[in-house]
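Fold and geometry: a report
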Amino acid sequence: MYIVGLTGGIGSGKTAASDYLALSYDIEVVDADIVAREIVMQGQPALQAIADHFGHHILLEDGSLNRAALRQIVFANSQQRKILESITHPAIRAAIQHKLSISTSPYTLLVSPLLFESGQYQFAHRNLVIDVSEELQWQRASTRDNVSAEQIKQIMAAQLCREERLKRADDIVINNGDLAYLHLQLDELHQKYLQLSVV
C-alpha cells in the first residue's frame, strides 16, 4: 500500500486538494481530522477519558463533546493541550492505521494538518505539502471558518512554521492561484504517485 501524506497550514487548501484527487481519480482519503472527530464520539473511550480529566462541563447536554469549549482550554494552555494529545493521539493513530490497511486505491492520501508534528508522517512513503502565503492563510481561514484572529494565531502557533514544513516536504503544491492551477499541479503528481505505487 503506497501512502502519500498530505499537509499544509490552516487555510492552505488541503481539503480542496484531497477532494480533487478523490473525485477525479477515485483516490481514497484518510482524513486525520475526521478520525479525530470519530474517536471522541459518544460511547468512545477517548471521550470518557477527556470528560474525566477536563470535567463533565466539557460535554454538551446530549453528552457529545463541546469542541469550542475544549478548544479554548487547550489553545490557551499548552500543558492541557499535551494532556489532550496524550489521550487522543494513540486512538487516532490506531484508527488511521486501520483505515490505511483497508484502502484499495492505487495509493492512499493521509490528510493531516499535524502530519509532521504528530508523527503521522511515519505512515507515509512521500509527503506532499500544500503551500500558501501566510497572508492568504489568514484571509482564507478567517472568511471560511469564521474563526477569530486570535484563534487563527493559536492554530498557526501549534503547527510547524511554513519554512520547516517546506523543508520536510517531498513534493510541494503552490496554492496561491485559482483552482485550475491547483488541479494542474495535482494532475502531474497523481501520475507520479501512480508510477511510484507500482515500483
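Reading the values: rules and limits
Residues numbered from 1 in each chain as written. Predicted model: local features only at pLDDT ≥ 70, side-chain atom pairs only at ≥ 80, totals over all residues. Heavy atoms only, no water. Helix = DSSP H or I, 4+ residues; strand = E, 2+ residues; numbered from the N terminus. Rg over C-alpha atoms; globule rule 2.2 N^0.38 Å. Buried < 20%, exposed > 50% of the residue type's maximum accessible area, 1.4 Å probe, protein only. Contact = heavy atoms within 4.5 Å. Areas by Shrake-Rupley, 256 points an atom, 1.4 Å probe, with all protein chains shown as cover. Lys, Arg positive; Asp, Glu negative; His and termini not counted. Charge placed at Lys NZ, Arg CZ, Asp CG, Glu CD. Phe/Tyr/Trp six-rings, centres within 6.5 Å; stacked < 30°, edge-to-face > 60°. Lys NZ or Arg CZ within 6 Å of the ring centre and 35° of its normal.

The subject of this paragraph is the overall build of the protein. Counting its regular elements, the protein contains nine helices and five strands. In the protein, the order of α-helices and β-strands from amino to carboxyl end is β-α-β-α-α-α-α-β-β-α-α-α-β-α. A globule of 199 residues ought to have a C-alpha radius of gyration of about 16 Å, and the protein, at 17 Å, matches this closely. Within the protein, the fraction of its 199 residues that count as buried is 42%. For the protein, restricting intrachain contacts to residue pairs at least 6 apart in sequence, the fraction spanning at least 24 positions comes to 73%. As displayed, the protein has an accessible area near 10,400 Å², and 52% of this comes from carbon and sulfur atoms. Positive and negative charge centroids in the protein, built from 17 and 23 side chains respectively, lie 5 Å apart.

What follows is about the packing of aromatic side chains. Two measures describe an aromatic ring pair: the distance that separates the ring centres and the angle between the ring planes. Evaluated as defined, the whole model comprises three aromatic pairs. Consider the rings of Tyr 107 and Tyr 193, whose centres lie 5.4 Å apart with planes at 70 degrees: the pair is edge-to-face. Of this pair, Tyr 107 sits in strand β3 (residues 107-111) while Tyr 193 is found in helix α9 (residues 179-197), placing the two residues 86 residues apart along the sequence. Overall, Tyr 107 belongs to the buried group, its relative accessible area being 0%. When the ring centre of Tyr 121 is taken as origin, the NZ or CZ atom of Arg 168, which lies over that ring, is 5.1 Å away.

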